[in-house]
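Understanding the architecture of this molecule
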Amino acid sequence: MSTIIELSQNVVFQVNYSSSLPIAKEIKKRYTYPVLAVIHSANWQFLTNGNKQKFIRIWEDRGLVDDSKFRELHEEKELYELADHIVSVTDYMKNHIINFMKLDPIKISVIRNGLDFSKLEISGVKEREKIKKQLGFRLTDKIILFVGRLDQGKGLHFLLQSFNLVFI
């Protein structure tokens, strides 16, 4: 056992991925400090490319998925059950783990990713033109920013397909 952790106050262990389950189990054996699980993504999204209906079929009929993939879903559920508290960035994911993993809503908080728009300055045309030039863009170039995980479940392929509709 670590004496540094034992001498510390207000310790919270945070885990970010379901693959942290073995570590979280060990922490719970050794310490009385709380474990916080933060949901960044859910294994069902990767298993089904974000197809919720496919996930529901898998969840209801466990024979539709091989054991190793289903084990990942089980480990995710086990981690959330083990955690003292769970943080989700969306109500959607909070509702998902309440409905499918049957977890107590009191145990889950939603803390959204986001911006404080009051701290952003709205640039004038001249300032935007200056920034475009600094970044190497032409004044007529359209700039689209995608912020997210690069996988099929995030729908980036729809954005790329839409470029043909908008720019051609």
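Residues numbered from 1 in each chain as written. Predicted model: local features only at pLDDT ≥ 70, side-chain atom pairs only at ≥ 80, totals over all residues. Heavy atoms only, no water.

Tallied over the entire structure, the rule returns 5 aromatic pairs. Ring plane angle 35° and centroid distance 5.4 Å describe the contact between Phe13 and Tyr31, whose orientation is recorded as tilted. Residue Phe13 is found in strand S1 (residues 13-15), and its partner Tyr31 is found in the loop between helix H2 (21-30) and strand S2 (35-39); the two are separated by 18 residues along the sequence. You can call Tyr31 buried: its relative accessible area is 12%. Ring pairing ties together the aromatic residues Phe13, Tyr31 and Tyr33, which thus form one cluster. (Phe/Tyr/Trp six-rings, centres within 6.5 Å; stacked < 30°, edge-to-face > 60°. Helix = DSSP H or I, 4+ residues; strand = E, 2+ residues; numbered from the N terminus. Buried < 20%, exposed > 50% of the residue type's maximum accessible area, 1.4 Å probe, protein only.)

Moving on, we get to the packing of helix H4 (residues 52-60) against helix H6 (residues 91-101). A packed helix pair is summarised by two numbers, namely the angle formed by the two axes and the spacing between the axes. As a packed pair, H4 and H6 sit with axes 13 Å apart at the nearest point and diverge in direction by 20°. Here H6 runs roughly parallel to H4, going by the angle between their axes. Judged by the sense of rotation from one axis to the other, the crossing of H4 with H6 is right-handed. Only Tyr92, His96 and Phe100 of H6 make contact with H4, whose side of the interface consists of Lys52, Phe55, Ile56 and Trp59. Of the residues assigned to the contact of H4 with H6, the class counts are 5 nonpolar, 1 polar and 1 charged. (Axes fitted to C-alpha atoms, helices over the stretch in contact; angles between N-to-C directions. Parallel < 35°, antiparallel > 145°, perpendicular 65-115°, else oblique. Left-handed = near helix turned anticlockwise from the far one by under 90°. Contact = heavy atoms within 4.5 Å. Nonpolar A, V, L, I, M, F, W, Y, C, P; charged D, E, K, R; others polar.)

As a further point, take the side chain of Lys132. Relative to the helices and strands, Lys132 is located in helix H7 (residues 125-134). Put simply, Lys132 is tucked away with no salt bridge, and the nearest opposite charge, on Asp141, sits 6.8 Å away. Among the polar contacts listed, one links the side chain of Lys132 to the backbone oxygen of Asp141, at a separation of 2.5 Å. Among all residues touching Lys132, those that are not within four sequence positions of it are Phe137, Arg138, Leu139, Thr140, Asp141 and Ile143. (Lys, Arg positive; Asp, Glu negative; His and termini not counted. Salt bridge = Lys/Arg side-chain N within 4 Å of Asp/Glu carboxyl O. Polar contact = N/O pair within 3.5 Å; in protein donor to acceptor, adjacent residues only side chain to side chain.)

This paragraph deals with the nonpolar core. Of all hydrophobic cores here, the largest spans 31 residues; its most connected members are Phe13, Phe55, Leu73, Tyr80, Ile86, Ile97 and Leu103. Every element with two or more residues in this core is listed here: S1, H2, S2, helix H3 (43-48), H4, helix H5 (67-82) and H6. Residue contributions to this core peak at 5 residues, all from H6. Excluding its chain neighbours within four sequence positions, the residues that come into contact with Tyr80 are Ala37, Ile39, Ser41, Ile86, Ile97, Met101, Leu103 and Lys107. (Core = buried A, V, L, I, M, F, W, Y, C linked by side-chain atoms within 4.5 Å.)

Okay, a nonpolar patch on the surface next. Nonpolar side chains collect at one region of the surface, where Ile131, Leu135, Phe137 and Ile143 lie side by side and expose about 360 Å² of accessible area between them. As for its placement among the helices and strands, Ile143 is situated in the loop between H7 and helix H8 (156-167). You can call Ile143 partly exposed: its relative accessible area is 47%. (Patch = residues over 30% accessible without salt bridge, like charges linked within 9 Å, V, L, I, M, F, W, Y side chains within 5 Å. Areas by Shrake-Rupley, 256 points an atom, 1.4 Å probe, with all protein chains shown as cover.)

Spatially, S1-S2-S3-S4 is the arrangement adopted by the 4 strands of the open sheet, whose pairing is parallel. Two strands close off the open sheet at either side, each with one partner strand: S1 and strand S4 (108-110). Strand-to-strand, the axes of this sheet are offset by a mean angle of 25°, without reference to chain direction. Across 3 bridges, the pairing between S1 and S2 is parallel. (Pairing = 2+ DSSP bridges.)

As paired strands, S2 and strand S3 (residues 85-88) are joined by 4 bridges and run parallel to one another. The partner of Leu36 across the bridge, within S3, is His85. Across 3 bridges, the pairing between S3 and S4 is parallel. From the neighbouring strand, Ile86 faces S4, where its bridge partner is Ile108. Handedness of the S3-H6-S4 crossover: right-handed. (Right-handed = clockwise from strand over helix to strand, strands pointing away.)

It is worth spelling out the side chain of Glu76 at this point. Along the chain, Glu76 falls in helix H5. Judged by relative accessible area, which is 2%, Glu76 ranks as buried.

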